[in-house]
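# Structural overview
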Amino acid sequence: MYGQWRGPLLRYLGALGLPGADAEDVAQEVFLALCHHLRREGGRENLRGWVFRVGHNLALRRREQRGRTVEEVEVADPAPGPEELALLSCRRERLQAVVAALPERDRWCLLLRAEGLRHREIAEVVEISLGAVAAALGRAVGKLAAVEGR
Amino acid sequence: MRHCTDAELMAILDGEGERAHFDGCAQCRTRGAELAGALREFTALHRGGWGAGWGRYAAAAAALVVVGGMGLWLLRGRTDLPDAALTPGATRPMTQAEVCVAAAQDDEQRAPREMAAEVFARYGIRNPAPRAYEVDYLISPALGGAEEIRNLWPQPYGGSVWTARVKDALEDYLRKRVCNGRLELATAQEEIATDWIGAYRKYFQTDRPLREHAGFVKDRPWE
């Protein structure tokens, strides 16, 4: 489980705005909690959703403690040089801009979907209804599809 | 007649929701394919780190880069997965039933020569050696993949254990699962487009390709 989910969890935590060291700490905390959960014979259904839910909540708490906002760290490459600007495709940048402008909950749903979570799992992580997940993804993916060039 | 909303289409793509109207409506299926394509593209870029770090590598190696992003794929040193920006995958608006009926003839489909040449050019490959590559449909036509440049990439037969033959074996297996009703078509398309090696590992429960797949032959090499 650790090998399978650590990478996707770290990527998701990074996209939520946690710097690398914080994301590593949170991931470690999540898998430690998972060990305790399994030792206590906690439910084994949808453990992937469990891992992401605990990680999501810990990440938001840590972000609050640090007083950061997602917008401060959301864009993967905040200061590309002129050569990089020339090489990065306009389309990629437009997609990044669309994602950065999404309402936070829509962005969470999109990022979790990109990690392969099903709607039911996303609903558990974000603590919203199945319909609200579909609506959030409909808005988010609809905006991505509208980016010129598709 | 009311068409499906984007939210309803996303639910259908996830294997939930009411599909009676969707299956019979070409307009909704087209929109569904657009949304699935946009999601696939985003997923590939997200999992690939949005190219963060790539820009710096590219700047250092700028002299080797021919135009724009092409050539980066070769410099990356891993050619068993396509460049997500160049080849995010593209699908046709087909239902599961249509895909399964059409599969036999689609297996024979080969990328047109001009399009294959464009694929090599986009990937910065000059004078490709005959029979060294397969100009591969990332999402195979037998799984509803489209004949578009965004769905094609030059997959080498060598250089890695994750060869074109191994991917062909995965495509064959996924199509069987889709047509047996054991796998949603949209899920199969998404998995193979975003990380076909990860999908192989998942479905065959192995870290390395199975011996019998190393010589699996379905598609013909580029000559």
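Let me begin by describing the structure that accompanies this report. Chains are numbered independently. Their residues run from 1 in the order of the written sequence. To read the labels, note that chains go from A and ligands from 1, taken in the order they are written. Selection of residues for local features in this predicted model requires a pLDDT of at least 70, selection of side-chain atom pairs for listing and counting requires 80 or more, and totals for whole chains, interfaces and linings are taken over all residues. Here the side-chain values reflect all heavy atoms present in the structure, with hydrogen atoms and water set aside.

The next point concerns the overall build of chain A. Every helix listed is a DSSP run of H or I at least four residues long, and every strand listed is a run of E at least two residues long, numbered separately from the N terminus. For chain A, the count of helices and strands is 9 helices and 0 strands. Each helix (α) and strand (β) of chain A, taken in turn from the N terminus, gives the series α-α-α-α-α-α-α-α-α. Two residues qualify as a contact provided that any one of their heavy atoms is within 4.5 Å of a heavy atom in the partner residue. Long-range contacts, defined as pairs at least 24 residues apart, comprise 64% of the intrachain contacts of chain A with a sequence gap of at least 6. Here the accessible surface of atoms and residues is derived via Shrake-Rupley with a 1.4 Å probe, and residues count as covered only by protein chains that are part of the display. For chain A, the accessible surface area stands at approximately 7400 Å², while carbon and sulfur atoms represent 52% of it.

Glancing now at helix α2 (residues 20–39) of chain A. All names here are of chain A. Given a rise of 1.5 Å per residue, 20 residues ought to cover 28 Å, and the 29 Å separating the end C-alpha atoms of α2 matches this to within 8%. Note on exposure labels: buried denotes an accessible area under 20% of the residue type's maximum, exposed denotes more than 50%, and partly exposed covers the range between, all computed with a 1.4 Å probe on protein chains only. Along α2, the positions that sit buried rather than exposed are D22, A23, V26, A27, V30, F31, L34, H37 and L38. For α2, the angular spread of buried residues about the axis comes to 165°, placing them on one side. Opposite its buried face, α2 presents the exposed residues A21, Q28, L32 and R39, each directed more than 90 degrees away. Looking one or two residues past α2, E41 carries a phi angle of roughly 60°, positive in sign. By this rule the span expected of a helix is its residue count minus one, scaled by 1.5 Å. Regarding the arc, it is the one traced by the directions from the helix axis to the C-beta atoms.

Here the focus is the packing of helix α7 (residues 104–114) of chain A against helix α8 (residues 119–126) of chain A. All names here are of chain A. Axis definition: a line fitted to C-alpha atoms, limited for helices to the stretch in contact. Angles are taken between N-to-C directions and run from 0 to 180 degrees. Between α7 and α8, whose axes approach to 10 Å, the crossing angle comes to 135°. On the basis of their axis angle, the class for α7 and α8 is oblique. Where α7 crosses over α8, the handedness of that crossing is right-handed. Two secondary-structure elements touch here, α7 through R105, W108, C109, L112 and R113 and α8 through H119, I122, V125 and V126. Oblique is the label for any angle not covered by the other classes, which are roughly parallel (under 35 degrees), roughly antiparallel (over 145) and roughly perpendicular (65 to 115). When the near helix sits turned anticlockwise from the far one by under a right angle, the crossing is termed left-handed; a clockwise turn instead gives a right-handed crossing.

Below, the discussion takes up the pairing of strand β1 (residues 133–137) of chain B. The element β1(B) is largely enclosed, with a buried count of 5 among its 5 residues. By the alternation rule, side chains of β1(B) split into Y133(B), V135(B) and Y137(B) and E134(B) and D136(B), which are all buried.

Once that is clear, we can look at the packing of aromatic side chains. Residue and element names in this part refer to chain B. The aromatic pairing rule takes the rings of Phe, Tyr and Trp, using the six-membered ring of Trp, and pairs them if the centres are within 6.5 Å, calling planes under 30 degrees apart stacked, those over 60 edge-to-face and the rest tilted. In total, this model carries 7 aromatic pairs over all chains according to the counting rule given. When the centroid spacing of 6.1 Å and the interplanar angle of 80° are considered together, the rings of W162 and W196 count as edge-to-face. Pair noted here: W162 is in the loop between β2 (152–156) and α8 (164–179) and W196 is in helix α9 (residues 185–204), with a separation of 34 residues, a long-range link. Just as W162 is buried, W196 falls in that class too. Centre to centre, the rings of W162 and Y200 are 5.4 Å apart; their planes meet at 75°, and the pair counts as edge-to-face.

Here we come to unusual backbone geometry. A positive phi angle, near 60°, is found at E127(A), a position not held by glycine. Turning to its location among the elements, E127(A) is positioned in the loop between α8 and α9 (130–146). Among the residues examined, E127(A) registers a relative accessible area of 60% and is labelled exposed. Residue Q205(B) is not a glycine yet carries a positive backbone phi of 55°. For Q205(B), the position within the fold is in the segment after α9.

With that out of the way, let us pick up the pattern of salt bridges. All names here are of chain A. Take a side-chain nitrogen of Lys or Arg and a carboxyl oxygen of Asp or Glu: if they are within 4 Å of each other, that pair is a salt bridge. Scanning all chains against the criterion turns up 23 salt bridges over all chains. The salt bridge partner of R6 is E24, with a shortest N-O separation of 2.8 Å. Here E24 lies in helix α2 and R6 lies in helix α1 (residues 2–15), a separation of 18 residues in the sequence. For R6, a relative accessible area of 24% gives the class partly exposed. In this structure, the salt-bridge partner of R11 is E115, at a minimum N-O distance of 2.7 Å. Of this pair, R11 sits in helix α1 while E115 sits in the loop between α7 and α8, and the two are 104 residues apart along the sequence.

Residues and elements named next belong to chain B. Note that a disulfide, as used here, is simply two cysteine sulfur atoms within 2.5 Å. In total, this model carries 1 disulfide over all chains according to the counting rule given. Covalent S-S linkage joins C100 and C179, the inter-sulfur distance amounting to 2.0 Å. Judged by the torsion about the S-S bond (-100°), the C100/C179 disulfide is left-handed. With C100 in helix α6 (residues 96–106) and C179 in helix α8, the pair connects residues that are 79 residues apart, well separated along the chain. What makes C179 partly exposed here is its relative accessible area of 30%. Residue C4 stays outside any disulfide, its sulfur separated by 3.9 Å from that of C28, the closest cysteine. Looking at C28, it has no disulfide partner, and the nearest cysteine sulfur is the one in C25, 3.5 Å off.

Shape is all these values report; function is a separate question.
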